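Architecture at a glance
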Amino acid sequence: MSDNGPFSIFGGASPTAPPPSPGAPGGHLDPADWDAFRASLHQVVDEMVDRFQDEGTGPVWQAIPESVHQEFTEPLPRAPRPLDSVLDRVRRDVLPYTLGNTHPRFFGWVHGSGTPVGALAELLAACMNANTGGRHHAPILVEDQVVNWIRRLFDFPEEATGLVVSGTSMATVVGLAVARHRATRGLDRKEGLRDGPPLVGYTTRDGHQSIRDAFSLLGLGASALRAVPMLDDGSMDPVALERRITEDVHAGRKPFAVIATAGSVTCGAIDDLVRIREICRDHGLWMHVDAAFGAAARLSPQLAPRLDGIETADSIAFDFHKWFHVPYDAGFVLVRDGRLHTATFGGREDYLTSLGQGPGSGDIWPCDLGPELSRGFRAFKVWFTLQTLGADAIGEAVERNVRQARSLARMVDREPELERLGPADLNIVSFRYRAEGRGNAELNELNREILLEIQERGIALPSPIRRDEAFGIRVCLCNHRTHDSDLRLLVKAVLELGRSLVPVG
Ligand SMILES: *Cc1c(COP(=O)(O)O)cnc(C)c1O
C-alpha cells in the first residue's frame, strides 16, 4: 500500500479527513459526540423493544390532550436542540398517541400491525439512505429479488415487471396507466386523451375509493368508472358486467378495463376472477385486480384457491403494509406485459443515460416503471420481513384472522341482542346492537354511541360501517397480534354498553 492509502485514484490511501465538529456552527450535520449519540440510540432501541413486548397492555387509543395539541404549533426551530430533549418530546407527545394499529385489539379500517423485524429493517434502510430510482447498487438487487418472489407467488411470466410503491392507491394508478397506454395505442403519453371515444372501466359500488381517484388522476374522469351491481356476497355480478359493457359499446364509448376486487373493504368479498378474465378476454379489456389486503391470502395454501384467476390478471395492485404486516408504507404493482409497462413510463432524460458498466449501469431502472424518480428503499423492509419471518408464517397469521372472523360471526349470530350486517366470508365482520322496539334511526344513533365509547375508552378499535340504511360496527381482522380472547372482550363490551345505553322500561 502506498502512502496515499486504498482510495486514491492512483491506488493509494488518501489521508483520512479530519472529523468535522458536528453540532457546532458551520452546518455540520453528523453528531458532535458519537458516544452520546450511540447511547441515545441504544436507549431508544431498548425502549422500542419494550414497547413491542408490552403491546396490548394499555388502551388501544387515547385522546390527545389540548396541551399536546399546543406543542405542535411551535414555529420552525432555527437553532439545534439536544437530541435527548427531542427524544423526550417524542416520548411525551407522539408515542402515547399513535392510532393503535400495533395493538391486539385494533380492528379498524384495513391497517397492518407491523412487526419488530420490520422496524429493524426500517432502521437499517434509513441508515443506508438508498435512492432506488435506478443505477447499479445492491438495493436494486434487493428490489429485483422482491419482484421475482412476487412474480412467482402469482404465477406470472418472466416478462412480467413489478414495482414497489407507496401503496395500493399508487399501484392502481400505475396499473391503470399501463391499461390506458394500451387502450390509446400509446397516444396518451404525447397527445393525452383528446381523440377517440371516451374510455370507460368497471368495478363495483364497493370498489375502493382509490380506483375512482385513479380515474380522475389519469384524466378519464371518475364518471368513466361504472359501478357494476353486486351479488349477495358482495362480489361483482358478471352478468351485469357484460350487460354494462355492451351498453357502453352501443353508446359509442370504449370499455378498456375491469377493476376486479380481491378482498373488498366493506366485507372482504372476492370477485369471480376466473369469470371476469373470460369477459375481459371476450371484450379485449384489461383486467386489473385490487387485492390490497386480499393478496396475502395467496401465502396460505388453504386460502389461495379463493384467489383463483388472479394469476391471469393483466395487473395486480396490493399492499405489503396490510396483511403482510410490513411496516408502512409499501405496496406493489405487478404487470404481466413488461414491455407495455416500460413503454408507459420509460424514456429517460439525457442526464440519466445508462452506462454499460459501473454505478450508472442497468437496463430497466425502477424509474422506468412508475412516475417516481427518487425513491426510498421500501423494498428492503419487504425483503427483510419475508426472509426473517418466512412467507408461511405470514400466511398462517392470515389464516388465523380468517378463522377468528368466522368465530366472531358465530358469536354475533348466537347473541339475540346482536345482528350481523352482511357477509363475513374472509376477515371482516360487521354487526350492530339491537334493542326491542327501536326504529332504524334510533338503532343507528345507539350503535354510533356504542362504537364511540369503545373507541374513546381505548377498549378496542373497530371502525364504522354503513350498510344500506344501517349503521354498524365493523371489525377487520388484519392483525397478527389478536387473540380469540380479544374478540370475546369486544363482544362483551358491545353488549354491556348497549344494555347500559338503553334505559330499562
Ligand atoms: C387499503 C385499500 C386500498 C388503498 O390502498 P392504500 O395502500 O391505502 O393506498 C385499495 N383497495 C382496497 C381494497 C384497500 O383495502
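The coordinates are above.
Presented here is a report on the structure given in the accompanying data block. Since the structure is predicted, the reported quantities are computational estimates derived from the model, not experimental observations. (Residues numbered from 1 in each chain as written. Predicted model: local features only at pLDDT ≥ 70, side-chain atom pairs only at ≥ 80, totals over all residues. Heavy atoms only, no water.)

Quick notes on the sheet that holds strand β10 (residues 463–467)
In a beta sheet, neighbouring strands are held together by backbone hydrogen bonds and run either parallel or antiparallel to one another. This is how the line gets drawn: Any two strands with at least two DSSP bridges between them are considered paired. Helix and strand assignments come from DSSP, with helices taken as H or I runs of at least 4 residues and strands as E runs of at least 2, each series counted from the N terminus. Throughout, an axis means a line fitted to C-alpha atoms (over the contacting stretch in the case of helices), and angles, computed between N-to-C directions, take values from 0 to 180 degrees. Contacts were defined at the residue level, with two residues in contact if any of their heavy atoms lie within 4.5 Å.
Read from one edge to the other, the open sheet built from 4 strands follows the order β8-β9-β11-β10, with strand pairing classed as antiparallel. With partners counted over all chains shown, the strands left at the sheet margins are β8 (418–420) and β10, one partner each. Going across the sheet, the axis of each strand differs from the next one's by a mean of 40°, ignoring polarity. The strands that helix α14 (residues 440–456) touches are β9 (428–433), β10 and β11 (470–476); relative to β11, the one it contacts most, it runs at about 30°. On the sheet, helix α15 (residues 484–501) packs against β8, β9 and β11 and is oriented at approximately 20° with respect to β9.

Looking at the site of the ligand
The cut-off we apply is this: Proximity criterion: a residue is near a molecule or strand once any of its heavy atoms comes within 4 Å of it. Definition of a polar contact: a pair of N or O atoms within 3.5 Å, with one able to donate and the other able to accept a hydrogen when the atoms are protein atoms, and with sequence-neighbouring residues admitted only if both atoms are side-chain atoms. Put simply, Ala, Val, Leu, Ile, Met, Phe, Trp, Tyr, Cys and Pro go in the nonpolar bin, Asp, Glu, Lys and Arg in the charged bin, and everything else, Gly too, in the polar bin.
Around the ligand, a shell composed of 14 residues is seen, among which S169, D290, D319, H321 and K322 lie nearest. At 3.1 Å, a backbone N or O of T168 approaches an oxygen atom of the ligand. One nitrogen or oxygen atom from the side chain of H321 is found 2.9 Å from an oxygen atom belonging to the ligand. Along the lines of polarity and charge, the residues of the shell around the ligand split into 4 nonpolar, 7 polar and 3 charged.

Quick notes on the environment of H325
Looking at the secondary structure, you find H325 in the loop between β6 (315–319) and β7 (331–335). On a C-alpha basis, the gap between H325 and C478 in space is 8.5 Å, while along the polypeptide they are 153 residues apart. Within polar-contact distance, the side chain of H325 engages the side chain of S113 at 3.1 Å.

Description of helix α4 (residues 116–128)
Stated formally: Each residue after the first adds 1.5 Å to the expected span of a helix. Only protein chains enter the accessibility calculation, which uses a 1.4 Å probe; a residue whose area is less than 20% of its type maximum is buried, one above 50% is exposed, and one in between is partly exposed. What the arc describes is the spread of directions from the helix axis to the C-beta atoms.
Its 13 residues place the ends of α4 19 Å apart at the C-alpha level, agreeing with the 18 Å of an ideal helix rising 1.5 Å per residue. Taken residue by residue, α4 has V117, G118, A121 and A125 as its buried positions. Looking straight down α4, one finds its buried side chains confined to an arc of 100°; they lie on one side. Counted as exposed and oriented over 90 degrees from the buried face of α4: A126 and C127. Residues of α4 that are buried sit in contact with α12 (378–389). In the segment just after α4, N129 is the residue with positive phi, at about 50°.

Looking at the nonpolar core
Rules: To form a nonpolar core, buried Ala, Val, Leu, Ile, Met, Phe, Trp, Tyr and Cys residues must be joined to one another through side-chain atoms within 4.5 Å. Domains are outlined according to an automatic or database domain assignment.
Counting residues in each nonpolar core, the largest one holds 92 residues, and the members touching the most others are F318 and F320. Broken down by element, the residue count for this core peaks at 8 residues, all from helix α6 (residues 168–183). Counting only domains with at least three residues in this core, you end up with domain 1 (35–61 + 99–114 + 391–505) and domain 2 (132–389). Core analysis: the second largest hydrophobic core is formed by 31 residues, A460, L490, A493 and L497 among them.

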